[in-house]
Amino acid sequence: MYEDYYRFSAKPFQLNPDPRFFYGSKGHKRAMAYLDYGLSLGEGFIVITGEVGAGKTTLVRNLFSQLDAHSLVAAQLVSTQLDAEDTLRSVAASFGLAHEGLTKSALLKNLEDFLVAAARQGKRALLVVDEAQNLTPRAVEELRMLSNYQNNERSLIQTFLLGQPEFRGILQSPDMQQLRQRVVASYHLGPLDAGETRGYIEHRLHTVGWQGNPNFDEAAFSALHCFAGGIPRRINTTCDRLLLFGFLEEKSHFGEAEVNEVIADLRNEVAHQDYHGATGVNNHPPEGGTLHHENSIQLVQRIDQVERSVNRILPIVRKILFTVSERSNTVADEGALPDGQDIAH
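Only a predicted model underlies this, so the values are computations on that prediction, with no experimental measurement involved.

We now examine the confidence of the model for the chain. Low pLDDT means the predicted atomic positions in that stretch should not be read closely. For the chain, the mean per-residue pLDDT works out to 81, and 77% of the residues sit at or above 70. For residues 274–303, every residue scores under 50 in pLDDT, and the model assigns this stretch eleven contacts once sequence neighbours within four places are set aside. Note that residues 336–345 has pLDDT below 50 and, in this model, two contacts with residues that lie over four places away or in other chains.

It is worth spelling out the packing of aromatic side chains at this point. Counted under the stated rule, the structure contains nine aromatic pairs. Ring geometry for Y5 and F247: centres 5.7 Å apart, planes at 70 degrees, overall edge-to-face. Taken together, the residues Y5 in helix α1 (residues 2–5) and F247 in helix α11 (residues 232–249) connect sequence positions 242 residues apart. Looking at Y5, the relative accessible area reads 32%, which means it is partly exposed. Residue classification places F247 among the buried positions, given a relative accessible area of 8%. Clustering of aromatic rings is evident, with ring pairs tying together Y5, Y6, F8 and F247.

For the rest of this paragraph, the subject is the side chain of N236. With respect to the helices and strands, N236 occurs in helix α11. A distance of 3.5 Å separates a polar atom in the side chain of N236 from the backbone oxygen of Q14. In contact with N236, not counting residues within four places along its chain, are F13, Q14, L15, Y200 and R204.

Our next topic: the sheet that holds strand β6 (residues 157–163). One key point about sheets: their strands pair by backbone hydrogen bonds, in either a parallel or an antiparallel sense. Across the sheet, which stays open at both edges, the five strands sit in the order β2-β3-β6-β1-β7 with parallel pairing between neighbours. Whereas interior strands pair on both sides, the edge strands pair on one side only; in this sheet they are β2 (72–77) and β7 (183–189). Averaged over neighbouring strand pairs, the angle between their axes works out to 15 degrees when direction is ignored. In this fold helix α4 (residues 84–94) packs onto β2 and β3 (124–129), with an angle of close to 135 degrees to the strand it touches most, β2.

Right, let's talk about the pattern of salt bridges for a bit. Applying the stated criterion across every chain yields a total of eleven salt bridges. A salt bridge links R144 to E141; the nearest nitrogen and oxygen atoms lie 2.5 Å apart. Taken together, the residues span about one helical turn, with R144 and E141 both in helix α6 (residues 137–146) at a distance of three residues. Across the pair R241 and E269 runs a salt bridge whose closest N-O atoms are separated by 2.9 Å. In this pair, R241 sits in helix α11 while E269 sits in helix α12 (residues 256–279), placing the two residues 28 residues apart along the sequence. Sharing partners across several salt bridges, the network here consists of R198, E202 and E218.

Turning to the environment of A257, a few remarks are in order. For A257, the position within the fold is in helix α12. On the basis of relative accessibility, which here comes to 56%, the residue A257 falls in the exposed class. For the pair A257 and A223, spaced 34 residues apart in the sequence, the C-alpha separation amounts to 9.2 Å.

Let's shift gears to α11. The end-to-end C-alpha separation of α11 is 25 Å, in line with the 26 Å expected for 18 residues at 1.5 Å each. Where α11 ends, the next residue or the one after it, E250, has phi of about 55 degrees, a positive value.

With that settled, the discussion passes to the layout of surface pockets. By volume, the largest pocket is sized at about 490 Å³. Looking at the lining of the largest pocket, the elements that each hand over two or more residues are α3 (56–66), α9 (194–207) and α11. Counting residues per element, the lining of the largest pocket draws most heavily on α3, which supplies four residues. Looking at side-chain class alone, the lining of the largest pocket contains twelve nonpolar, eleven polar and six charged residues.

Between α9 and α11, whose axes approach to 11 Å, the crossing angle comes to 55 degrees. Relative to α11, the element α9 is oriented oblique. Between α9 and α11 lies a crossing of right-handed hand. Contact with α9, carried on its side by T197, Y200, I201, R204 and L205, involves P232, I235, N236, C239 and L243 of α11 and no other residues of that element. Tallied by class, residues from the contact of α9 with α11 come to seven nonpolar, two polar and one charged.

Inspection of the secondary structure puts N260 in helix α12. In this structure, the C-alpha to C-alpha distance between N260 and L242, residues 18 residues apart in sequence, is 9.6 Å.

Definitions and cut-offs
Residues numbered from 1 in each chain as written. Predicted model: local features only at pLDDT ≥ 70, side-chain atom pairs only at ≥ 80, totals over all residues. Heavy atoms only, no water. pLDDT = per-residue confidence, 0-100. Contact = heavy atoms within 4.5 Å. Phe/Tyr/Trp six-rings, centres within 6.5 Å; stacked < 30°, edge-to-face > 60°. Helix = DSSP H or I, 4+ residues; strand = E, 2+ residues; numbered from the N terminus. Buried < 20%, exposed > 50% of the residue type's maximum accessible area, 1.4 Å probe, protein only. Polar contact = N/O pair within 3.5 Å; in protein donor to acceptor, adjacent residues only side chain to side chain. Pairing = 2+ DSSP bridges. Axes fitted to C-alpha atoms, helices over the stretch in contact; angles between N-to-C directions. Salt bridge = Lys/Arg side-chain N within 4 Å of Asp/Glu carboxyl O. Expected span 1.5 Å × (residues − 1). 1 Å grid on protein atoms, 1.4 Å probe; cavity = no way out; pocket = protein on both sides within 12 Å on 5 of 7 lines; lining within 4 Å. Points joined across faces, edges and corners; volume = space filled by probe spheres on them. Nonpolar A, V, L, I, M, F, W, Y, C, P; charged D, E, K, R; others polar. Parallel < 35°, antiparallel > 145°, perpendicular 65-115°, else oblique. Left-handed = near helix turned anticlockwise from the far one by under 90°.

Right, dumping it as structure tokens:
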């Protein structure tokens, strides 16, 4: 939509992790250094923590894009709200091994055979576990036990644990003592500072062919950093909406006023979702058939929100209809025969 308007080759602020958009902030470079260090050791656990949307998964995707597939077999485990045995099944599935209907002993035998076979081919196995804060102590113990598989006193599998900040506290619990002893490095990925936020935005724009249109002034970058708190995913969400706003309003420049207008819309939407997520929607009027004053206010606010959303959508619909109409007319003109010519029967 706005990609064509600003002549971008793709959406610069998509939410899906993509190594093409990896931005090496101070924190991300240091985290990558820890991951590289862990790979060089070839054993133990590396722990990377950070806020939701801090860029942990993008970090891993960037690492995967640099790995030599001839010397390493890598797999990623994302769903971690599992019991111990299901965790083993998920690990087996991540490496492409049979896992359905197998006993725990059979799962472990398959995993051991796979790891030994990989070692014979000169390959090491790397397991990346995302959302590690959701792991149960028993599931963590199963992962730790996998690290006992060795060949010539060298571990056959290495594990990276990625989690939210609370995982740092979980690691300090008595249940995690044996795991802590096998952690060779850990790093907490913090938010971007103001300068890095600007660099991050410009980097993603340049990646899709940005030539300075639209341009941002200093106040716009400052407002974006303040609202997003330096968290990459929040920056992506805000900038994506800002570019959509610019497309609808046909803007080639963003200042603080434009950013604040988009932020106001986002805050209204979040407040609306949070309210109904917490309390639900009352579909039945109170006794007597009338609404309380507070409910009336909420209803008016909801109607106002819907009207704002419709006003945002209408220009998009008009632009799409206009584009379709123009293309149809062009096709019709190109397909028309010159005057005086008939279709032969």
